[in-house]
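# Architecture and fold: a report
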Amino acid sequence: MSLEVRPLHDLFGAEVVGVDATRPMTAEEFAPIMDAFETYSVLLFRGPVMTDAQQIALSEHFGVVQVAFKANQTGGSMFSRQSNINFETNEIFPADHHRMTFLKANMLWHSDSSYMDCGSLCSILASREVPPSGGNTEVVSTRAAYERLPHDLKNRIEDLTVVHSLSYARDKMDMSILTDEQRDAAPPVKHPLVQVNPANGKKSMLIGAHAAFIDGWSEEDSRDLLDELVEHSTPQESIYSHAWQNGDAIVWDNRCILHRATPFESTKYRRHLERTTITDRSWVAAA
Ligand SMILES: [Fe+2]
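This text gives an overview of the structure that appears in the document. (Residues numbered from 1 in each chain as written. Predicted model: local features only at pLDDT ≥ 70, side-chain atom pairs only at ≥ 80, totals over all residues.)

### Concerning unusual backbone geometry
- Even without glycine at this site, Asn90 takes up a positive phi of about 65°.
- Along the chain, Asn90 turns up in the loop between β6 (85-86) and β7 (91-92).
- Among the residues examined, Asn90 registers 8 C-beta atoms within 10 Å and is labelled exposed.
- Phi is positive for Ser113, close to 65°, though the residue is something other than glycine.
- Note on placement: Ser113 falls in the loop between α3 (98-105) and β8 (122-129).
- Judged by the 25 C-beta atoms lying within 10 Å of it, Ser113 is buried. (Helix = DSSP H or I, 4+ residues; strand = E, 2+ residues; numbered from the N terminus. Buried ≥ 20, exposed ≤ 12 C-beta atoms within 10 Å, placed from the backbone.)

Dropping the structure here:
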């Protein structure tokens, strides 16, 4: 069975048409969605606003849902809440609240959970309440970026290993965001810089804000290369910028997609999206 899709961008991404992702699916119904995910790297579903249970059900088709890091409002659950709303009071956080600093950290290009040992296959970000304007989520493909790298640079990065670190990324914003306990809970991890998709052999780069060092390199040399690769990956014309509507849900492949949040009038409008982050079942089995 093939899906009807509508491309989101020339290089990657597709809207899946005619599928209500809030409804239960059989494994057979899900198979073409997984194929489309491997091909397009980003899938958009438009439909009714998802409940938490519906989002978990969709997530479990892709793999094992990670428990969110403790620094999030929803830490310890399966959701990473992306919101300016304090759910204890139902009011918007004041501009100087530390949650607002976290939201700013999301504005750097990154791959979710790249700082975790088991990494992440994909994230699902689903809207519950969105502002009338602003707050787009931008995504870009490091698979497309890898393909346009000059041949010598491809050779140079082929066997490199990158050290990813949550505290490195957060400290660049503000040294006081993470507690010592949170730092200890997320020690640096290593991943190959060049990722190979096992379904189609396509190569991509696992880079972004958590990518702290090239293993064995100085900080200066590491920064030069890693910043160059992010810059190469993110020219304006290569970006898909998603303007959210209530009920939208986006799946992106964290092995080959970088994403970032963009500003909105966060002291005026409410914005609430929930993210699930999913690890491939085979990686969990191998761990
Ligand atoms: Fe993210």
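### Observations concerning the nonpolar core
- Counting residues in each nonpolar core, the largest one holds 55 residues, and the members touching the most others are Val16, Val42, Leu43 and Val251.
- With sequence-adjacent residues up to four places away left out, Leu43 is seen in contact with Ala14, Val16, Ala36, Phe37 and Val251. (Core = buried A, V, L, I, M, F, W, Y, C linked by C-beta atoms within 7 Å. Contact = placed C-beta atoms within 7 Å.)

### Some words on the packing of α3 against helix α6 (residues 166-173)
- One can describe the packing of α3 onto α6 by two numbers: an axis separation of 10 Å at closest approach and a directional angle of 110°. Regarding the angle of α3 to α6, the classification is roughly perpendicular. Along this stretch, α3 crosses α6, giving a crossing that reads as right-handed. Taken together, the residues of α6 that come into contact with α3 (itself represented by Thr101, Lys104 and Ala105) are Ala169, Arg170 and Met173.
- Among the residues making up the contact of α3 with α6, the classes are represented as three nonpolar, one polar and two charged. (Axes fitted to C-alpha atoms, helices over the stretch in contact; angles between N-to-C directions. Parallel < 35°, antiparallel > 145°, perpendicular 65-115°, else oblique. Left-handed = near helix turned anticlockwise from the far one by under 90°. Nonpolar A, V, L, I, M, F, W, Y, C, P; charged D, E, K, R; others polar.)

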